[in-house]
Amino acid sequence: MLTVNIYKHFTKPFVYLVWNGENFLGELVEDDIMKLLDKKQVTQFYHQKTAKFQVSMDKLKRAINKPKYMN
């Protein structure tokens, strides 16, 4: 399990930035939030504005995208 913070992208609509502490992990499209977070975490994310979550590495690898400038 890895602790990540998810923040809304400041210029791209429906895109979120995923961080682990000070390390940028990648971008997450809004539709992929359901792949990354479980039902309870999704409710916390949208309704309680929670940004910090524990997620599995497998789910994280499948859900996030590395921006072109990071390749």
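The structure presented is a predicted model; accordingly, all values stated were derived computationally and were not measured.

A.B. asks: Tell me about the environment of Val18, residues and numbers included.
C.D. replies: Along the polypeptide, Val18 turns up in strand 2 (residues 15-20). Accessibility expressed as a relative area gives 0% for Val18, which makes it buried. Separated by 45 residues in sequence, Val18 and Ala63 place their C-alpha atoms 10 Å apart.

A.B. asks: An account of the pattern of salt bridges is needed here, citing residue identities and associated values.
C.D. replies: For the structure on display, the rule yields 2 salt bridges. Glu27 is paired through a salt bridge with Lys12; the nearest N and O atoms lie 3.2 Å apart. Here the residue Glu27 occupies a position in strand 3 (residues 23-29), and Lys12 occupies one in the loop between strand 1 (2-8) and strand 2, the gap between them amounting to 15 residues. Given the relative accessible area of 36%, Lys12 is considered partly exposed. Its salt-bridge partner being Asp32, residue Lys35 comes within 3.3 Å of it at the nearest N-O pair. Judged by its relative accessible area of 52%, Lys35 is exposed.

Calculation criteria
- Here the residue numbers are simple positions, counted from 1 along each chain's written sequence.
- A pLDDT threshold of at least 70 governs which residues receive local features in this predicted model, and a stricter bar of 80 or more applies before side-chain atom pairs are shown or counted, although totals over entire chains, interfaces and linings include all residues.
- To get the side-chain values, take all heavy atoms of the structure and skip hydrogens and water.
- Runs of E in the DSSP output that reach at least two residues are strands. Runs of H or I that reach at least four are helices, and both are numbered from the N terminus.
- Per-residue accessibility, obtained with a 1.4 Å probe over protein chains only, is compared with the maximum for each type, and a residue is labelled buried under 20%, exposed over 50%, and partly exposed between these values.
- Here a salt bridge means any side-chain nitrogen of Lys or Arg lying within 4 Å of a carboxyl oxygen belonging to Asp or Glu.

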